[in-house]
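Reading the structure
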Amino acid sequence: MGASAVRRPMRWDNWGYVFILPWLVGFVLLTAGPMVASLVLSLTDYDLAQARFVGIDNYAQLIWQRNAQGGIGDPLFYKSLWNTFYYTLLSVPLGLTGSLLLAMLLNQKVRGLPVFRTVYYLPSLVPAVASSLLWIWILQPERGLLNQFLLWLFDTPVLAWAGLSPPAWLHSTTWSKPSLVLMSLWGIGGARMIIFLAGLQGIGDQYYEAATIDGAGAWGKFRHVTLPLITPIIFFNLVLGVIGAFQTFTQAYIMTGGGPENSTLLYALYLYRCAFEWYQMGKASALAWVLFAILLVFTYVQFNRSRMWVHYEGGAED
Amino acid sequence: MKKILLYILLLSGAAVFMIPFVWTVSTALKTRQQVYATPPQWVPRTYRIQEAGRSIPVNVITRIDAPAAVVQLAGGPRAGQVIPVARDAIALRDNVALVKLRAPDPVPAQILRDMPAGLVQVRYEEGGQMLDRHVEPAELIAVTDPQWDNFRKAWVPVEKGGTLPQAFHVYVLNTYTITIICIIGQTLSCSLVAYGFARFRFRGRTTLFLLLLSTMMLPAQVTMIPVFLIWKNAGLVDTFAPLTIPAFLAHSAFFVFLLRQFFLTLPRELDEAAMIDGCGPLRIWWQILLPLSKPALTTVAVLSFIGHWDDFVGPLIYLNSPENYTVSLALRLFQDQNASEFNLLMAAALIHIGPVVLLFFLAQRYFVKGIATTGLKA
């Protein structure tokens, strides 16, 4: 930071408070205040008409209390949590790997690079509602492009004999979540890839030259130079990727509405329903805090574990 | 050799990434029949046949792959029906044709006409009746006939033959209004806050800045409900206020961060020189830093445009009346009412996609620059 040694009168530096005031006001009114309010709301039963303090009942009903069916907790809560874990565990690692591979491809010296970069980047720009509609059509079981392609590809007696047919994608409880993952992979050329690309371009040639002298091949260079040097970026993309995946909403809302049989009822969708369709503001607030807690634990664990695999060039700095 | 492999990878990957777009455009220009055609048509075509000197539009039903015949069933539960049957399924015994159907016993039938392989079954309307005919492929005249009208149908309101309560330009205008107000609000407020963090060493600065950065990790759901209740109690639900006012309160930690990083690269001597000339801190921001920060401000403006043009959850929560809808909400409504009209749906989706893609081509480098900053360290 280019700090100058000149010590200015205190009053000048206090102007800083004035300039950050818009954010301070916004922080209090739109973030900190609502956070407190949300915590309080989560202890109430509130349907927009009247609020009743219920203590930790919302949390109990979600997580551990016996429900009407004799099971533990709220079945839809657990279902949506499972769906979200499934989606996150599949889409984030696949997406990260895809983005990194793509960035490495686009980091080569080839002709027409700007064109390729544009082509790979464009899908990530498509608004979520529009891309959801696109993929509903591509994944349509009978006439969708993907299944027409699969049928053409596997148009053999073997397939018919084995009784195999292409999956019904969004209409199948087995394939609905993989469908959402598949669709998310269309966007691997987006922001994450560009961040990887910037990271790859920041690796000095001297590292690769040294590795060559040491007799490293292409894989050795990747394993011992590229990968260690971009671990901070992988870490950054991983943490933000999980936070993002956990909040996936629009695709599920538009494409399946949570179906079939709640197989794509993602956590954010369940929360939205509770709040804005069923007006269970207390329960929805409790859901929000459980989500927040899960993400905090995850982020904390990641930060702790990151010491083992993330290498910062030139040691830790602030 | 390695280069060739690389090109093959890049090109095939690019093809896979582009196919959904091509397919969307292709679908948007099709008629309803073409949408459901097998095999899928990339370039939508319509077919005509010449009959008695007239050119008649026809729908191609199927292509006869193996020799077949049209027969009239003379027995069994479907007696009297006229159906096409594969030649293999017909056995002649004592001059009576026996047709093997799904029933266990062959059914007697009368052969009406033979259909050699290679014929195409077409259907067309004449005098209010649907007629079937089998024609030689050469008789079919292919016409490329893109249905530009689909875009008009998607655009116009219900009283002009569309399906939405308003014409699309109402939604486009709403979205632009929100987006432009937000761009102005965000560039102004975020750059002001960034200036505060970059140039003044007040007490608690580091803590506050970390607090600001940590809000990037906060899931929106945690504050969503109370913030909604605030706007509801203020009577501002179903107005643009909840969607635009936060933009003036630097409600985007990322933009503040991005602009602060940029301000840090500008030499402090500039401010100091201006200070000596008697400039106040506000004028330094407005007259020295902002003009020098055009690339960063453009990046913020571009990313802000994308964010608000795409936004779905915000409008979904706050806007109720169709006349206030944004494009993304309108598209959702359109989907509700045209669930299986994929040609119209794709045309409407393209209306949503168009402006973003256009902006990307106009301001490509600002996208990449802004995003690449995210990954770099503070």
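Residues numbered from 1 in each chain as written. Chains lettered and ligands numbered in written order. Predicted model: local features only at pLDDT ≥ 70, side-chain atom pairs only at ≥ 80, totals over all residues.

1. Describing the overall build of chain A
Summing up its helical and strand segments, chain A has 16 helices and two strands in all. The globule rule puts the C-alpha radius of gyration for 318 residues at 20 Å, and the 25 Å found for chain A is more than 25% above it. Expressed along its principal axes, the backbone C-alpha trace of chain A runs to roughly 85 × 70 × 35 Å. Counting only contacts in chain A whose residues sit at least 6 apart along the sequence, the fraction spanning at least 24 positions is 68%. (Helix = DSSP H or I, 4+ residues; strand = E, 2+ residues; numbered from the N terminus. Rg over C-alpha atoms; globule rule 2.2 N^0.38 Å. Contact = placed C-beta atoms within 7 Å.)

2. Comments concerning the overall build of chain B
Along its length, chain B carries 15 helices and 10 strands. Here chain B has a C-alpha radius of gyration of 32 Å; the compact-globule value for 378 residues is 21 Å, and the former is much larger. Seen through its principal axes, chain B has C-alpha atoms that stretch 115 × 65 × 45 Å. Split into buried and exposed, the 378 residues of chain B put 35% on the buried side. (Buried ≥ 20, exposed ≤ 12 C-beta atoms within 10 Å, placed from the backbone.)

3. Here's the deal with the interface of chain B and chain A
A common way to express how large an interface is: the accessible area buried when the components associate. In this complex, chain B contributes 72 residues to the contact, which on the side of chain A involves 69 residues. Broken down by element, the residue count for the side of chain B that touches chain A peaks at 11 residues, all from helix H1 (residues 2–28) of chain B. Looking at the side of chain B that touches chain A residue by residue, the classes come out as 53 nonpolar, 14 polar and five charged. (Nonpolar A, V, L, I, M, F, W, Y, C, P; charged D, E, K, R; others polar.)

4. Quick notes on the nonpolar core
Of all hydrophobic cores here, the largest spans 146 residues; its most connected members are Leu271(A), Val193(B), Val256(B), Leu259(B) and Ala349(B). Top element by residues in this core is helix H4 (residues 168–199) of chain B. It accounts for 12 residues. Summarising the domain contributions, this core has at least three residues from each of domain 1 (2–35) and domain 3 (160–375) of chain B. In this structure, Leu271(A) is in contact with Ala284(A), Leu287(A), Ala288(A) and Gln221(B), ignoring residues within four places of it in sequence. In this structure, Ala69(B), Ala97(B), Val99(B) and Ala109(B) belong to the second largest nonpolar core, which totals eight residues. (Core = buried A, V, L, I, M, F, W, Y, C linked by C-beta atoms within 7 Å. Domains from an automatic or database assignment.)

5. Concerning the environment of Tyr195(B)
In this structure, Tyr195(B) sits in helix H4. The buried category is assigned to Tyr195(B), around which 27 C-beta atoms lie within 10 Å. The sequence separation of Tyr195(B) and Arg87(B) amounts to 108 residues, and the corresponding C-alpha distance is 83 Å. Here Tyr195(B) is in contact with Phe19(A), Phe263(B), Trp285(B) and Leu289(B), once residues within four sequence places are set aside.

6. As for the sheet that holds strand E4 (residues 82–86) of chain B
All names here are of chain B. Read from one edge to the other, the open sheet built from five strands follows the order E4-E3-E7-E6-E5, with strand pairing classed as antiparallel. Of all strands in the sheet, those bounded by a partner on one side alone are E4 and strand E5 (90–93). Each neighbouring strand pair of the sheet contributes to a mean axis angle of 50°, computed without reference to strand direction. Where E5 and strand E6 (residues 96–99) come together, four bridges link them in antiparallel fashion. Considered in E6, the bridge of Ile 90 is made with Val 99. (Pairing = 2+ DSSP bridges. Axes fitted to C-alpha atoms, helices over the stretch in contact; angles between N-to-C directions.)

7. Digging into the domain arrangement of chain B
Segmentation of chain B into domains returns domain 1 (2–35), domain 2 (45–146) and domain 3 (160–375). In this structure, domain 2 of chain B and domain 3 of chain B have C-alpha centres spaced 60 Å apart.

8. Considerations on the sheet that holds strand E9 (residues 129–135) of chain B
Residue and element names in this part refer to chain B. Reading across from one edge, E9-E8-E2-E1-E10 is the order of the five strands in this open sheet, with antiparallel pairing throughout. Edge positions in the open sheet fall to E9 and strand E10 (141–144), since each of these has one partner strand only. Here the strands of the sheet are splayed against their neighbours by 45° on average, with no regard to which way each runs. In this sheet, strand E8 (residues 120–126) lies alongside strand E2 (residues 54–63) in antiparallel orientation, the contact comprising four bridges. Bridge pairing in E8 places Asn 59 opposite Arg 123.

9. What about helix H15 (residues 267–277) of chain A?
In terms of burial, H15(A) is largely enclosed, as eight of its 11 residues are buried. Every buried residue of H15(A) is accounted for by Tyr267(A), Ala268(A), Leu269(A), Tyr270(A), Leu271(A), Tyr272(A), Cys274(A) and Ala275(A). Buried positions along H15(A) lie against helix H5 (75–106), helix H13 (218–246), helix H14 (250–255) and helix H16 (281–309) of chain A together with helix H6 (221–233) of chain B. Two residues or fewer past H15(A), Tyr279(A) is found with a positive phi of approximately 50°.

10. Side note on the environment of Tyr300(A)
Residue and element names in this part refer to chain A. Looking at the secondary structure, you find Tyr 300 in helix H16. Owing to 10 C-beta atoms within 10 Å, Tyr 300 belongs among the exposed residues under this scheme. Separated by 61 residues in the primary sequence, Tyr 300 and Val 239 place their C-alpha atoms 9.9 Å from one another.

11. Things to note about the confidence of the model for chain B
A low pLDDT score tells you not to read the predicted coordinates there in detail. Of the residues in chain B, 97% have a pLDDT of 70 or more, and the chain-wide mean is 87. Across the assembled chains, the prediction reports ipTM 0.89 with pTM 0.85. (pLDDT = per-residue confidence, 0-100.)

12. Remarks on the environment of Gln148(A)
Residue and element names in this part refer to chain A. By secondary structure assignment, the location of Gln 148 is in helix H8 (residues 145–153). For Gln 148, a count of 17 C-beta atoms within 10 Å translates into the label partly exposed. Placed 18 residues apart in sequence, Gln 148 and Pro 166 show a C-alpha to C-alpha distance of 8.9 Å.

13. Quick look at the packing of helix H11 (residues 294–310) of chain B against helix H14 (residues 342–362) of chain B
Residue and element names in this part refer to chain B. It is the contact of H11 with H14, at a shortest axis distance of 11 Å, that shows an interaxial angle of 170°. One element, H11, and the other, H14, form an angle in the roughly antiparallel class. Residues Val 302, Phe 305, Ile 306 and Trp 309 of H11 touch H14, and the partners they reach there are Pro 355, Val 356 and Leu 359. Of the residues contributing to the contact of H11 with H14, the split by class is seven nonpolar, no polar and no charged. (Parallel < 35°, antiparallel > 145°, perpendicular 65-115°, else oblique.)

14. Considering the packing of H16(A) against H6(B)
Two elements in contact, H16(A) and H6(B), have axes whose closest approach is 8 Å; the angle formed by their N-to-C orientations is 155°. By the angle between their directions, the pair H16(A) and H6(B) is classed as roughly antiparallel. Counting all contacts with H16(A), which are made through Met281(A), Ala284(A), Ser285(A), Ala288(A), Trp289(A), Leu291(A) and Phe292(A), the residues of H6(B) involved are Gln221(B), Val222(B) and Ile225(B). Looking at the contact of H16(A) with H6(B) residue by residue, the class counts come to eight nonpolar, two polar and no charged.

15. With respect to the pairing of strand E7 (residues 107–115) of chain B
Residues and elements named next belong to chain B. Both strand E3 (residues 68–73) and E7 contribute to a ladder of six bridges, which runs antiparallel. From the neighbouring strand, Gln 72 faces E7, where its bridge partner is Gln 110. Inspection of the sheet shows E6 paired to E7 by three bridges, in the antiparallel sense. Looking at E7, one finds that Leu 98 is bridged to Pro 108.

16. Observations regarding unusual backbone geometry
Most peptide bonds adopt trans geometry, and most residues besides glycine take a negative phi value. Cis geometry is found at the peptide bond from Gly259(A) to Pro260(A), where omega equals -15°. The backbone phi angle of Glu261(A) is positive, close to 50°, even though this residue is not glycine. Assignment of secondary structure puts Glu261(A) in the loop between H14 and H15. For Asp238(B), which is not glycine, the phi dihedral falls at a positive 70°. Inspection of the secondary structure puts Asp238(B) in the loop between H6 and helix H7 (241–244).

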